[in-house]
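# Tertiary structure, described
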Amino acid sequence: MSERTKPPADIKDMFDRYSDHGRMTLDHLLRFLIEVQGEKATTKDDAEAIVNALIALQHPGVSQSKALDLQAFFCYLFGDVNPPLSPSGSHDMNAPLPHYFIYTGHNSYLIGNQLSSDSSDAPIIEALQRGVRVIELDLWPNSTEDDVDVLHGMTLTTPVKLIQCLRSIKEYAFVVSDYPVVITLEDHLKPDLQAKVAQMLTQTFGDMLFFPESECIAEFASPEALKRRILISTKPPKEYLEKKIEALEESDPENVECIDREDLEDEEDNLQHNAAPEYRRLIAIHAGKLKGGLKEWLRVDPDKVRRLSLSERELEKASITHGKDIIRFTQKNFLRVYPKGVRVDSSNYDPLTAWMHGAQMVAFNMQGYGKSLWLMQGMFRANGGCGYVKKPDFLLKLGPNNDVFDPKANLPVKTTLKVKAYMGEGWHSDFGKFDIYSRPDFYLRVGIAGVPEDSGMKETKEMDDNWNPTWNEEFEFPLTVPELALIRIEIYDYDMSERDDFGGQTCFPVSDLKTGIRAVPLHNKEGDKYKSVKLLMRFEFV
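Residues numbered from 1 in each chain as written. Predicted model: local features only at pLDDT ≥ 70, side-chain atom pairs only at ≥ 80, totals over all residues. Heavy atoms only, no water.

### Comments concerning the side chain of Arg306
Rule in force here: A run of DSSP states H or I qualifies as a helix once it reaches four residues; a run of E qualifies as a strand once it reaches two. Both are numbered from the N-terminal end. Burial classes: relative accessible area under 20% of the type maximum marks a residue as buried, over 50% as exposed, and values in between as partly exposed (1.4 Å probe, protein chains only). In protein, a polar contact requires one atom able to donate a hydrogen and another able to accept it; more generally it is a pair of N or O atoms within 3.5 Å, and residues adjacent in sequence count only if both atoms are side-chain atoms. Whether two residues are in contact is decided by their heavy atoms, any of which lying within 4.5 Å being enough.
Residue position: Arg306 is located in the loop between helix 12 (294–297) and strand 8 (307–311). Looking at Arg306, the relative accessible area reads 4%, which means it is buried. Among the polar contacts made by the side chain of Arg306, one reaches the main-chain carbonyl oxygen of Gly288 at a distance of 3.4 Å. One polar contact links the side chain of Arg306 to the main-chain carbonyl oxygen of Arg299, over a distance of 2.9 Å. Those residues in contact with Arg306 that sit more than four places away from it in its chain are His286, Gly288, Leu290, Glu296, Trp297, Leu298, Arg299, Phe329, Asn333 and Phe334.

### Examining the pattern of salt bridges
Put simply, the rule is: Only one rule defines a salt bridge in this text: a Lys or Arg side-chain nitrogen within 4 Å of an Asp or Glu carboxyl oxygen.
Under the counting rule described, the total for this entry stands at 29 salt bridges. The partner of Lys420 in a salt bridge is Asp10, and the shortest N-O contact between them spans 2.6 Å. With Lys420 in strand 12 (residues 415–425) and Asp10 in helix 1 (residues 9–17), the pair connects residues that are 410 residues apart, well separated along the chain. Take Lys420: its relative accessible area is 16%, and that puts it in the buried class. With relative accessibility at 29%, the residue Asp10 sits in the partly exposed group.

### Notes on the UniProt feature "domain: PI-PLC Y-box" (unreviewed entry) in the protein chain
To keep things clear, this is the line we draw: UniProt positions are given in the numbering used here, feature names are shortened, and annotations may be inferred rather than shown by experiment.
UniProt records the feature "domain: PI-PLC Y-box" (unreviewed entry) for residues 309–395 in the present numbering. The distance separating the terminal C-alpha atoms of residues 309–395 is 19 Å; by composition the span is 38% helix and 15% strand.

### Examining the side chain of Asn365
By the element assignment, Asn365 lies in the loop between strand 10 (361–362) and helix 15 (371–379). For Asn365, a relative accessible area of 0% puts it in the buried group. If near-sequence neighbours (up to four positions away) are discounted, Asn365 is found in contact with His106, Gln114, Pro339, Ser346, Ser347, Asn348 and Leu373.

### Focus: the environment of Val160
With respect to the element layout, Val160 can be found in strand 4 (residues 160–161). Dropping the residues within four chain positions of it, Val160 is found in contact with Ser119, Ser120, Asp121, Asp149, Val150 and Cys165.

### Structural notes on unusual backbone geometry
Look at Lys66: it is not a glycine, yet its phi comes out positive at around 65°. Within the secondary structure, Lys66 sits in the loop between helix 3 (44–56) and helix 4 (70–77). Owing to a relative accessible area of 22%, Lys66 belongs among the partly exposed residues under this scheme. Although it is not a glycine, Asn383 sits at a positive phi angle of roughly 55°. Checked against the element boundaries, Asn383 lands in the loop between helix 15 and strand 11 (388–390).

As structure tokens, this is what we get:
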């Protein structure tokens, strides 16, 4: 923090309230942590650790008796030791795997668009380093049909060898998080190559690979029980579907257009018998749709956990007609949602509809930067960034009348989040300049992404010609479903003649938010944290 940065008036008043003759002792600091920061379980040792961190920085405002002056107190508030989220996980990790939202990638091997970009293990590595726990690989025979490539089929994307992807997954799977990695395979292989894939998987991952005891798992193990394990999820290959369609074309060419390909694709039980047995034994999470329409797809089998995949468009339609059925399904089974096919630019969709209906695997193009990805990154900053976020209880249990949560219901306000934006700093260090003619005119946008009733954004005034803006503005956000709410924060430099310049963003779940006065680090458009840019904000629930 720059020595020239002055504390806002509220911070001076707070210091005066919790100090004596300009000195905040350890006892004063402890009382501040409990009463203002809401850290009820904190101890004097915790307060001393904060002071020791300031001593390590050689801050001149710490006395020999470990008392703080105003500037040292301000340095603590605006420092890395005072984040808005806990750096460690706090969620119960002993529930069945379907009880969690899981950080999920879509076509994880593509470095760019969906039609002509290169396939590589590099985006897989980057995703795992960001905490992504579900990696998707599309498997196709190579040109000589004696090996397996990963690419987006029927496009101009270049291939990458499957073995290269698997080796990278092994190396980086547990660098950020010890919790399980799921590899979803979209395979287009004959049994001989499936057998080769099975051999690659077992030889590459060894004891990391999870072998299910049975094809029918009534209840899935917990993330805690599956630490440092690799799980395979897939459905039957389409090779046999094409043969069935070809046979129908020969037998009934006039009516071939009436063939329901979705029904054919999802005759899982019959088709899986064609798969190589050593390959089938590796499938921990069986994927596929039951034969029939949406009602059958969402049917819950008490003896078998399975995965259903729906496109974002299919989910939008299904949520209107079968919203409660989707939630019942996701209480036990996995639902994966993926981008609609027209998103060839690798853009993404609003994940909230999927989360509101309990979908665990909301698959995103991690290279598709934008506000939707900011929400996804924000959700998984929760729970220490481990890639698993426990779903709210109301998505997991039946209500008193054997009913389930209704995202469209008109619910009463459960709590109100008060947000005060004090000030910001760090742009001069991280950005250098915005406008060659003047200093920036920063304004802040803050709001909620959640159920429709809770969602919305508000703005501060612009602070003219100031690298260290001080807004001192307060906003209130009534929340009907705080458990599904994300707080969004964005900074812009006002430009009268052109589009306003981006100055940073962040997002995180309200349910994991630490109350009190916090230093909020900002991120760039890709989601990488800036070195210096941060905000001083206060969060209270009333």
